[in-house]
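# Structure at a glance
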Amino acid sequence: KQVPRTLDNARELDETVVAQDDEEVLADAEQDEFADYFAGKTPKILITTSRRPSVFLLHFVSELTKVFPNSHAYKRKGYEIRKICEAAAERDFTDVMVIEERMEKPHTMWLIHLPGGPTARFRLTSVRLSKDIANHGTPSEHRPELILNNFSTRMGHQVGRMFSALFPHDPEFRGRRVITFHNQRDFLFFRQHRYIFESGTKARLQEIGPRFTLKLRSLQRGAFETQYG
């Protein structure tokens, strides 16, 4: 039987795709900027916004603080991102996340790992707050399980580890809370669910929210350098 042609199976083979057990990739991971977090270090995240955030953006940031354990929202005021990173590093924050908007719509996410980078810039689209998702659940404070799908290229591997380092690596399974970053055609789809057991063999998912989509625009060494990155 002929296999239907789709966008995914019609794509040319990507030579940058690496196997999960690639020895060189595993060796790099053992000594990269995120290795300590996979060994038990606890992340601490500062989340801020554009200088004059809309009400919608403030609600979105509030929901992000419930997504990422040990995250804290601060008003941007008039500070430059570089100054925010310097102050955050002095206060033992491990990451800075900046959500910017255009015409009162979320537009860009900066993710800066402290103290020495890397720095990622994402285009941010399709943001939906929890209240706009039908039959959404209420998030608990349990540490979530994390699922990363299709981060299979060398760059994808690094981006996946960058997101993994935002979460503690000792999930509380009794919370039945799961975070998913799904990479498809270079778009990263974020979802948060709770799984509910209906019987000994069946379970269903209840979405918690928020929802959003990311597309990587740049990935550079160092902690936020717009001039030379």
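Residues numbered from 1 in each chain as written. Predicted model: local features only at pLDDT ≥ 70, side-chain atom pairs only at ≥ 80, totals over all residues. Heavy atoms only, no water.

Below, the discussion takes up the pairing of strand S3 (residues 95-102). Burial runs high along S3: 6 of the 8 residues are buried. As paired elements, S3 and strand S4 (residues 105-113) share 8 bridges and run antiparallel to each other. By the bridge assignment for S4, Glu101 is matched with Pro106. The hairpin formed by S3 and S4 contains 2 residues between the paired strands, and Met103 there has a positive phi angle of roughly 50°. (Buried < 20%, exposed > 50% of the residue type's maximum accessible area, 1.4 Å probe, protein only. Helix = DSSP H or I, 4+ residues; strand = E, 2+ residues; numbered from the N terminus. Pairing = 2+ DSSP bridges.)

Here we come to the environment of Asn150. Structurally, Asn150 can be placed in the loop between strand S6 (145-149) and helix H5 (154-164). Expressed as a C-alpha distance, the spacing of Asn150 and His182, which sit 32 residues apart in the sequence, is 6.7 Å. When residues no more than four places from it in sequence are discounted, the contact partners of Asn150 are His182 and Asn183. (Contact = heavy atoms within 4.5 Å.)

Inspection of every chain in the model, using the stated rule, returns 9 salt bridges. Its salt-bridge partner being Asp170, residue Arg143 comes within 3.1 Å of it at the nearest N-O pair. Remark: Asp170 occurs in the loop between H5 and strand S7 (177-184) and Arg143 occurs in the loop between strand S5 (119-128) and S6; sequence separation between them is 27 residues. Across the pair Glu207 and Arg211 runs a salt bridge, and its minimum N-O distance is 2.7 Å. On the accessibility criterion, Glu207 (13% relative accessible area) is buried. On the basis of relative accessible area, Arg211 is assigned to the partly exposed category, the value being 22%. (Salt bridge = Lys/Arg side-chain N within 4 Å of Asp/Glu carboxyl O.)

By size, the foremost hydrophobic cluster in this structure holds 32 residues, and its most contacted members are Phe60, Met97, Ile99, Phe122, Phe163 and Phe212. If one sorts the elements of this core by residue count, helix H3 (residues 55-67) sits on top with 5 residues. Those residues in contact with Phe60 that lie beyond four places of it in its chain are Ile99, Leu124, Val127, Leu129, Pro210 and Phe212. One finds Cys85, Ala88, Phe93 and Leu114 within the second-largest nonpolar core, a separate group that totals 12 residues. (Core = buried A, V, L, I, M, F, W, Y, C linked by side-chain atoms within 4.5 Å.)

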